[in-house]
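Letter by letter, the chains look like this.
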Amino acid sequence: MTPTLTLFLIISAALFSIGLLAALSRRHAIFILIGIEMMLAAANLNFIAFWRFAPQPQAPTGVMVAIFSIAIAAAEAAIGLALVISVYRHYRTTNVEKLDQLKG
Amino acid sequence: MSTAAFIVIAILMLAGALAAATLSKLIHAALCLVIAFIGIAALFFLLGAEFVGLVQIFVYVGAVAVLIVFTILLTRHAEEPTSGFNWSGVLVAVAVFAGLIWVILQTPSLSAPAPVIEALTVKRIGEVLMTDYIWPLQCVGLLLTAALVGGLILVMEEKR
Amino acid sequence: MTGERVDQIFIIAKQWLLSLLPNAPDWVIQIASSLINISAVLGVFMGLFALISVLERKILGRIQNRYGPNRVGPFGLFQPVADGIKLLIKEDIVPLRADKVVHFIAPIMMAATAILALGVIPYGRNMTPFSIDGGILFFFAVGSTTELAVFMAGWGSNNKFSMLGAMRAIAQMVSYELPLLITVLPVIMIVGSLSADAIVAAQGGYVLGGIVPRWFVFTPWGAAAFILFFISGLVESNRTPFDMPEGESEIVAGHMTEYSGFKYAIFFLAEYFGMFAVSGLAVTLFLGGWHAPIHLLEIIPSYVWFFAKLAVLLFVFIWIRGTLPRMRVDHVMSFAWKFMLPMAFTCIIAAAVWHYQSHGVAGWLWSLAVIASVYFGLSWLVDTKKKFAPRTYRFAE
């Protein structure tokens with residue numbers, strides 16, 4: 001048995017859920033970013049898998065989307081981490097639940 | 001595509017991801033995230049997208065992971081956030097996973113075997129990138145420049 | 001015919017070894033072939049490492065007007081064996097407060113990445129151990145992982161000198177990775193491929209009656225890119241004059257402070273393997289890989305030429321180490337961003353000019369003009385303004 005598209009999709013769904021878990025249940029800002037990165041990577045895996053199992057893989061659309069998505073994820077990580085650092089400078093914390101200045 | 005390699009890589013990758021999401025020490029979590037990223041790159045190799053796999057390692061392991069560990073280093077004097085879990089998040093994640101699995105298993109058209117294709121060369125990717133995808137490429141260039149400038153402005157020393 | 005035999009002797013030997021496994025399934029043959037490649041690369045470079053470690057000390061001794069090691073064996077050639085035994089029987093000390101797992105994994109990861117990077121370099125005709133389409137990208141993808149290993153060593157040791165050394169190492173590696181990558185781009189542009197084999201093949205042939213080879217280093221953009229690449233390679237492999245990460249006089253041994261015995265030896269090995277990898281890539285990209293310099297000398301096997309060029313570059317590495325003092329951190333960084341990066345971009349433009357003048361004499365001169373004008377402009381901008389500024393003194397408080 002060779003791995004089928006279903007297997008790849010299950011793996012990527014598991015990765016997405018783990019990323020969601022990290023983003024929703026951790027209070028540290030860096031963990032949230034890690035979770036988002038994992039979810040993006042899961043999406044990339046889906047793109048590549050759909051490209052490979054498509055009836056016409058000659059057009060590398062999935063590969064292109066994955067490449068652009070990696071570039072955007074890198075930009076997102078850079079900005080996100082810069083935000084974490086500047087928030088830390090202001091409030092001396094990286095715990096997102098303590099950043100509640102706007103709360104009524 | 002060999003199944004043994006697939007299973008080993010998938011287990012390693014998911015274990016790394018799970019460790020990255022649940023470990024209490026930040027630096028260990030970041031290093032486990034690297035394992036997960038390398039696993040994803042290996043899956044890309046297995047799927048025949050060598051270029052994307054190499055870019056994945058180059059960008060994520062070489063740049064994003066280093067950025068993350070640097071940020072951890074620069075913010076390490078923050079008081080440790082309470083290590084407790086937000087259990088409602090776990091519940092949501094499990095529910096989403098169950099939903100996704102249910103949808104995937106319900107879809108009958110997914111079991112088609114992979115068609116035999118000629119290898120996707122870097123040259124072909126470059127040609128497509130420079131013809132059909134030239135506008136997205138320019139936009140990504142603009143986005144990366146904006147991210148560069150924005151990142152610099154965000155972490156600049158504040159004048160008091 | 002015999003010349004060709006000698007040229008391909010290792011390929012023939014490998015095929016003979018594989019024929020010892022008749023009617024084995026495909027995957028067994030594949031794994032056996034990979035294992036043969038891996039052991040060949042490891043064996044050759046372990047030997048080269050031992051040889052270079054003693055030759056470096058001999059050459060440094062000669063530069064500093066003294067004998068190098070000369071006690072163990074003839075001319076001190078067995079010195080690496082003695083060193084190895086000494087390092088193996090030393091006690092392996094792990095600090096009490098160290099992050100033990102990270103501390104343990106760091107040297108392994110360091111050596112693994114250095115060895116992986118050696119895999120994509122063509123050592124001779126048909127002699128690329130791991131021949132993939134994106135070989136050069138593979139090299140850089142693997143090489144960028146080194147930064148993480150350095151960080152792990154610095155963090156895992158839980159020592160301020162280790163952390164300072166790791167910070168310095170990562171800062172300079174990130175800064176110089178950009179010029180290193182961008183100086184490779186003109187070669188890839190001209191060849192139109194990311195595969196190391198194609199790049200070497202594009203440098204075959206001779207001009208001017210078989211005397212001058214078509215190596216990229218003989219074009220203005222190639223020469224400039226080669227020099228920039230070599231400087232960046234010095235930084236990436238943490239060699240003098242850019243070895244502030246392990247500057248003994250300031251921060252003990254940088255990220256290697258808390259390592260002893262065999263783990264230290266592995267760091268040492270990884271540093272040398274990194275040096276081999278960068279030199280090997282420089283040979284592949286700019287010095288024509290395994291091609292002979294003159295048409296007449298093509299009877300000498302290709303791998304001899306590769307290793308001869310590698311030896312010359314390694315000698316230059318050692319020569320620079322014996323000659324130049326260590327640079328200051330801020331000087332290294334400002335040099336990277338103010339000089340190396342603009343010059344690297346200039347190489348791309350010069351290569352494009354050369355290409356569109358159809359690789360002739362006119363293109364040669366035009367690309368020389370581009371590089372020279374940017375070089376002098378940059379020197380004027382970066383240098384003269386500082387030279388006449390009033391000197392400021394700062395004292396420790």
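Conventions and cut-offs
- Residues numbered from 1 in each chain as written.
- Chains lettered and ligands numbered in written order.
- Predicted model: local features only at pLDDT ≥ 70, side-chain atom pairs only at ≥ 80, totals over all residues.
- Heavy atoms only, no water.
- Helix = DSSP H or I, 4+ residues; strand = E, 2+ residues; numbered from the N terminus.
- Rg over C-alpha atoms; globule rule 2.2 N^0.38 Å.
- Contact = heavy atoms within 4.5 Å.
- Areas by Shrake-Rupley, 256 points an atom, 1.4 Å probe, with all protein chains shown as cover.
- Lys, Arg positive; Asp, Glu negative; His and termini not counted.
- Charge placed at Lys NZ, Arg CZ, Asp CG, Glu CD.
- Patch = residues over 30% accessible without salt bridge, like charges linked within 9 Å, V, L, I, M, F, W, Y side chains within 5 Å.
- Salt bridge = Lys/Arg side-chain N within 4 Å of Asp/Glu carboxyl O.
- Buried < 20%, exposed > 50% of the residue type's maximum accessible area, 1.4 Å probe, protein only.
- Expected span 1.5 Å × (residues − 1).
- Axes fitted to C-alpha atoms, helices over the stretch in contact; angles between N-to-C directions.
- Parallel < 35°, antiparallel > 145°, perpendicular 65-115°, else oblique.
- Left-handed = near helix turned anticlockwise from the far one by under 90°.
- Nonpolar A, V, L, I, M, F, W, Y, C, P; charged D, E, K, R; others polar.
- Phe/Tyr/Trp six-rings, centres within 6.5 Å; stacked < 30°, edge-to-face > 60°.
- Buried area = accessible area lost by both parts, 1.4 Å probe.
- Polar contact = N/O pair within 3.5 Å; in protein donor to acceptor, adjacent residues only side chain to side chain.

Engineer: Explain the overall build of chain C here, please?
Structural biologist: When helices and strands are tallied, chain C shows 15 helices and two strands. Compactness check: chain C gives a C-alpha radius of gyration of 23 Å against a globular reference of 21 Å for 397 residues, within 12% of the reference. Considering only contacts in chain C between residues 6 or more positions apart, those separated by 24 or more positions represent 75%. Summed over its atoms, the accessible surface of chain C is roughly 19900 Å², and 70% of this surface lies on carbon and sulfur atoms. Between the mean site of the 27 positive side-chain charges and the mean site of the 23 negative ones, chain C shows a separation of 8 Å.

Engineer: So what exactly am I meant to see when it comes to a nonpolar patch on the surface here?
Structural biologist: Residues and elements named next belong to chain C. A cluster of nonpolar residues, Leu51, Leu55, Val72, Phe75, Leu77, Phe78, Val81, Ile85, Leu88, Ile89 and Phe262, forms a patch on the protein surface that exposes about 1100 Å² of accessible area. Among the secondary structure elements, those contributing two or more residues to the nonpolar patch are helix 3 (26–63) and helix 4 (79–88). Looking at which element gives the most residues to the nonpolar patch, the answer is helix 4, with three residues. Tracing the backbone through its elements, the reader meets Leu55 in helix 3. Among the residues examined, Leu55 registers a relative accessible area of 34% and is labelled partly exposed.

Engineer: Whenever I open this one, helix 12 (residues 261–285) of chain C confuses me. Can you help?
Structural biologist: Note on helix geometry: an α-helix contains 3.6 residues per turn, so any two residues three or four positions apart are oriented the same way. Between its terminal C-alpha atoms helix 12 of chain C stretches 37 Å, which fits the 36 Å expected from 25 residues at 1.5 Å a residue. Among the 25 residues that make up helix 12 of chain C, 21 are buried, leaving the element largely enclosed by the rest of the structure.

Engineer: Just checking my understanding: could you explain the side chain of Gln79 of chain C for this structure?
Structural biologist: All names here are of chain C. Note on placement: Gln79 falls in helix 4. Since its relative accessible area comes to 12%, Gln79 is described here as buried. Aside from chain neighbours lying at most four places away, what touches Gln79 is Val54, Arg57, Pro69 and Val72.

Engineer: It is not clear to me how the packing of helix 8 (residues 160–191) of chain C against helix 10 (residues 220–236) of chain C should be interpreted in this structure. Could you clarify?
Structural biologist: Between two packed helices, both the angle of their axes relative to each other and the distance between the axes serve to describe the pair. Residue and element names in this part refer to chain C. With their axes 9 Å apart at the nearest point, helix 8 and helix 10 run at an angle of 150° to one another. By the angle between their axes, helix 8 is roughly antiparallel relative to helix 10. As helix 8 packs across helix 10, the resulting crossing turns out to be left-handed. Where helix 8 approaches helix 10, its residues Gln172, Met173, Tyr176, Glu177, Pro179, Leu180, Thr183, Val184, Pro186, Val187 and Ile190 are matched on the opposing element by Trp221, Ala225, Leu228, Phe229, Ser232, Gly233, Val235 and Glu236. When grouped by side-chain class, the residues that make up the contact of helix 8 with helix 10 number 13 nonpolar, four polar and two charged.

Engineer: Even after reading the chapter, I still don't get the packing of aromatic side chains, so can you show me in this structure?
Structural biologist: Between two aromatic rings, the relevant description is the distance of the centres plus the angle of the planes. For the structure on display, the rule yields 33 aromatic pairs over all chains. Centroid distance Phe8 of chain A to Phe6 of chain B: 4.7 Å. Interplanar angle 65°. Geometry classified as edge-to-face. Here Phe6 of chain B lies in helix 1 (residues 3–22) and Phe8 of chain A lies in helix 1 (residues 5–25), a pairing that spans two chains. Note on Phe6 of chain B: relative accessible area 2%, which makes it buried.

Engineer: It is not clear to me how the interface of chain C and chain B should be interpreted in this structure. Could you clarify?
Structural biologist: Where interface size is given, it is often the accessible area lost as the parts come together that is meant. Each side of the interface is counted separately: chain C has 23 residues, and chain B has 23 residues. Each partner contributes to the roughly 2000 Å² buried at the junction of chain C and chain B, and carbon and sulfur atoms together form 81% of this total. The largest per-residue losses of area from chain C upon contact with chain B belong to Leu137, Leu148 and Trp155 of chain C, which jointly make up 26% of the total buried on that side. The interface formed by chain C and chain B holds zero salt bridges in total. There are three residue pairs in polar contact (both at pLDDT 80 or more) connecting chain C and chain B. Among the elements of the structure, helix 6 (135–143), helix 7 (146–157) and helix 8 of chain C are those that each provide at least two residues to the side of chain C that touches chain B. Here the side of chain C that touches chain B is built from residues that sort into 15 nonpolar, four polar and four charged.

Engineer: Sorry, what's going on with the arrangement of the chains here?
Structural biologist: Most contacts, among the two pairs of chains that meet, fall between chains A and B. A minimum C-alpha distance of 14 Å separates chain A and chain C, which share no contact.

Engineer: For this particular structure, what's the right way to read the packing of helix 2 (residues 29–53) of chain A against helix 3 (residues 61–91) of chain A?
Structural biologist: All names here are of chain A. Two elements in contact, helix 2 and helix 3, have axes separated by 9 Å at closest approach and are oriented at 175°. By the angle between their directions, the pair helix 2 and helix 3 is classed as roughly antiparallel. In terms of residue class, the contact of helix 2 with helix 3 is made up of 16 nonpolar, five polar and two charged.

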